[in-house]
Structure formats: C-alpha cells, structure tokens
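So you can see what is in the structure, the chains are spelled out below.
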Amino acid sequence: MPISPLPDPAAFRNTGWALAGRIQATTLDRLRNVCDRLLHTPPEAGRSLSLGDNRRFLAHAHLHDEDLRTVVLGPELKAVATHFLGAAPYLFNEQFVVKGPKTGAPFAWHQDSGYVGFEHKPYLSVWIALDDTTLENGPIYLLPRDLDRETHVEPHVWDEAAKERVGYTGAEPGQPALMSAGGIVVFSSLTLHRSSANTSDAPRRAYLAQYSTEPILDPTTGRPKSFATPL
Ligand SMILES: O=C(O)CCC(=O)C(=O)O
C-alpha cells in the first residue's frame, strides 16, 4: 500500500519541498540491506562527488539489484512521485548517500537541476532517511522556493576541494528536514538544499530517487542523461 496521507501538491508548489510521510517498515529494511551490501564495496574512486568513506554516493544499483528495483520502480514511490508531479513518473536517477561517522562531509547548497548541464523540465527528488536524522548527523536543509515564480536554475560553481557544485553562498541557513528512519522529504530539482556534516558516532544513510514527468534526454546524444524508465 502507498503511503498516506500526502500533503497537498499545491502547498508543495508554494514552498518547493514537503515532508511526505514514510515508507513501510519492510521497504525500509530492504533499502537498508541494499545500502549495507553496497557499503562493503570499496569507496568509488572515480565518482566525482564521493569523498572516500566520508561521503559516498552509491549510484544506479537498481541496474543489478532486484530488491532495489522493486522499491524504486514500485507502487509506494510511484504513488509519491505521481502525487507531487501530477503525472505518470519516469525514473530519472537514483543513489544512496552515506556520510561516515564523525568525519562525514557536508554537501553544499545546490539545486539538483544545477547538476544536469542542459535545459530540462524540473523534476522531483524523493529523499528517504534510512537512519533517524538529527542536527548532529548531517540532515538536509532546504530553502523554501515558490516553484511557479522562481523557475530558473541558479549559476553553480564547481568547488574542486569539496568535490561539489555550489549554487548559493548567502546567509540563509535553510530548514532542516528532521525525521525518523523511513521518513520521506520531497523537493523540486529547483529547490536549493544542502546537508551538514555528520558529527555523530554512526553513519547517516539516505536513499535519493528522482522522478521526471518526461524523459530527460541529453541534447548532444539524444539519449537519457541517466535513466528514463516509465513506472
Ligand atoms: O543526502 C545528502 O546528504 C544530500 C544529497 C543531495 O543533496 C543530492 O544528492 O542532491
């Protein structure tokens, strides 16, 4: 059964983000198990955003993991994505994001659209806490945004030392999305967000799945930037 009740999509359009209920306990177990299996593989040296064990992006595992495929293409997340997109979703991208204990690196302010590199229709990010999120363990913070008025992608600058793009350097701290494990926060690819460092003694695990209303195709190749899998 899909999660319910979900907040009003019109309110989401006013703020650019919303807490969106929680996944079922069995889905949480499944995601945690997949994540922990992936964490046994060596940190991905070649991936540009990863910082060893401090900040790992474990991307695209649904291609070889049936359990993950069942979740990311399944009815629970389909219901969430359809509710906020107002249309049948396509899977665009997916990844686990894990911050190691004590040294887990922050992740700078950005819009997910700031990482795409060409014009596209804004899409939806569905961020799922696999551990309780607290102010100490690197939650995400969001800047409210009226999606019908502020429709542009901010300029993003690559920070080589931090291995990330930066789309906002102002003083706003943003609102932390604090929730227990299994909680979901959704935000638009236009919504500025960041995450703080994990200073706790335990890893902070999250799963991020992104859904679009149409295939996002790279204009130079005509092929999907990541995926364009209809649900
Ligand atoms: O999970 C996090 O710490 C942030 C991840 C994020 O913002 C992203 O991948 O766009």
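About the cut-offs
Residues numbered from 1 in each chain as written. Predicted model: local features only at pLDDT ≥ 70, side-chain atom pairs only at ≥ 80, totals over all residues. Helix = DSSP H or I, 4+ residues; strand = E, 2+ residues; numbered from the N terminus. Rg over C-alpha atoms; globule rule 2.2 N^0.38 Å. Buried ≥ 20, exposed ≤ 12 C-beta atoms within 10 Å, placed from the backbone. Expected span 1.5 Å × (residues − 1). Arc of directions from axis to C-beta. Contact = placed C-beta atoms within 7 Å. Pairing = 2+ DSSP bridges. Near = placed C-beta within 6 Å. Nonpolar A, V, L, I, M, F, W, Y, C, P; charged D, E, K, R; others polar. Core = buried A, V, L, I, M, F, W, Y, C linked by C-beta atoms within 7 Å.

Peer 1: How should the overall build of the protein chain be read in this particular structure?
Peer 2: The helix and strand tally for the protein chain stands at four helices and 15 strands. For the protein chain, the C-alpha radius of gyration of 16 Å lies close to 17 Å, the compact-globule estimate for 231 residues. Seen along its three principal axes, the alpha-carbon backbone of the protein chain occupies a region of about 40 × 40 × 35 Å. Put simply, the protein chain has 231 residues, and 42% of those count as buried.

Peer 1: Just checking my understanding: could you explain helix 2 (residues 25-39) for this structure?
Peer 2: Turn by turn, an α-helix covers 3.6 residues, leaving residues three or four places apart pointing in a common direction. Here helix 2 is 15 residues long and its end C-alpha atoms lie 21 Å apart, about the 21 Å a rise of 1.5 Å per residue gives. Residues of helix 2 that are buried include every one of Thr 27, Leu 28, Leu 31, Val 34 and Cys 35, and no others. End-on, the buried residues of helix 2 take up no more than an arc of 130 degrees, which puts them together on one face. Residues of helix 2 that are exposed and point more than 90 degrees away from the buried face comprise Ala 25 and Thr 26. Residues of helix 2 that are buried make contact with helix 3 (66-72), helix 4 (75-85), strand 3 (90-99), strand 5 (124-129) and strand 12 (204-212).

Peer 1: For this particular structure, what's the right way to read helix 4?
Peer 2: For helix 4, a buried count of eight out of eleven residues is recorded, marking the element as mostly surrounded by other parts of the structure. Along helix 4, the residues that are buried comprise Glu 76, Leu 77, Val 80, Ala 81, Thr 82, His 83, Phe 84 and Leu 85. Downstream of helix 4 by one or two residues, Gly 86 has phi in the positive range, about 70 degrees.

Peer 1: Explain the sheet that holds strand 9 (residues 175-176) here, please?
Peer 2: In sheet architecture, strand pairing relies on hydrogen bonds along the backbone and comes in two forms, parallel and antiparallel. Strand order in the open sheet formed by four strands is 4-11-6-9, and the pairing between neighbours is antiparallel. Because the sheet does not close on itself, it has two edges, and the strands there are strand 4 (107-110) and strand 9. Relative to strand 11 (residues 193-195), strand 6 (residues 140-142) is paired through three bridges, and the arrangement is antiparallel. Among the inter-strand pairings, Leu 142 is bridged to a residue of strand 11, identified as His 193.

Peer 1: I'm lost on the site of the ligand in this one. Help?
Peer 2: Within the structure, the ligand sits among Val 97, Phe 107, Asp 112, Gly 138, Ile 140, His 193, Ser 195, Ala 206 and Leu 208. Taken together, the elements giving at least two residues each to the shell around the ligand come down to strand 11 and strand 12. Considering only residue class, the shell around the ligand consists of five nonpolar, three polar and one charged.

Peer 1: Would you explain the nonpolar core in this entry?
Peer 2: Grouped together as the largest cluster of nonpolar side chains are 48 residues, with contacts concentrated most on Val 126, Ile 128, Val 185, Val 186 and Tyr 211. When residues of this core are assigned to their parent elements, the largest contribution, six residues, is made by strand 3. Other than its neighbours up to four places away in sequence, Val 126 contacts Leu 77, Val 80, Ala 81, Ile 184, Val 186, Ala 209 and Tyr 211.

Peer 1: Teacher, can you tell me more about the pairing of strand 5 here?
Peer 2: Successive side chains on a regular strand alternate, one facing one side of the sheet and the next facing the other. With six of its six residues buried, strand 5 lies for the most part within the structure. Residues of strand 5 alternate between two faces, with Leu 124, Val 126 and Ile 128 on one and Ser 125, Trp 127 and Ala 129 on the opposite face, all of them buried. Bridge count for strand 5 against strand 12 is six bridges, and the pairing is antiparallel. Counted as the bridge partner of Ile 128 is Tyr 207 from strand 12.

Peer 1: I tried to follow unusual backbone geometry on my own but got confused; where do I start?
Peer 2: Note: most residues except glycine have negative phi, and most peptide bonds are trans. If you check the backbone angles, Lys 102 has positive phi at about 65 degrees while not being a glycine. Here Lys 102 is to be found in the loop between strand 3 and strand 4. The exposure class of Lys 102 is partly exposed, given the 13 C-beta atoms found within 10 Å.

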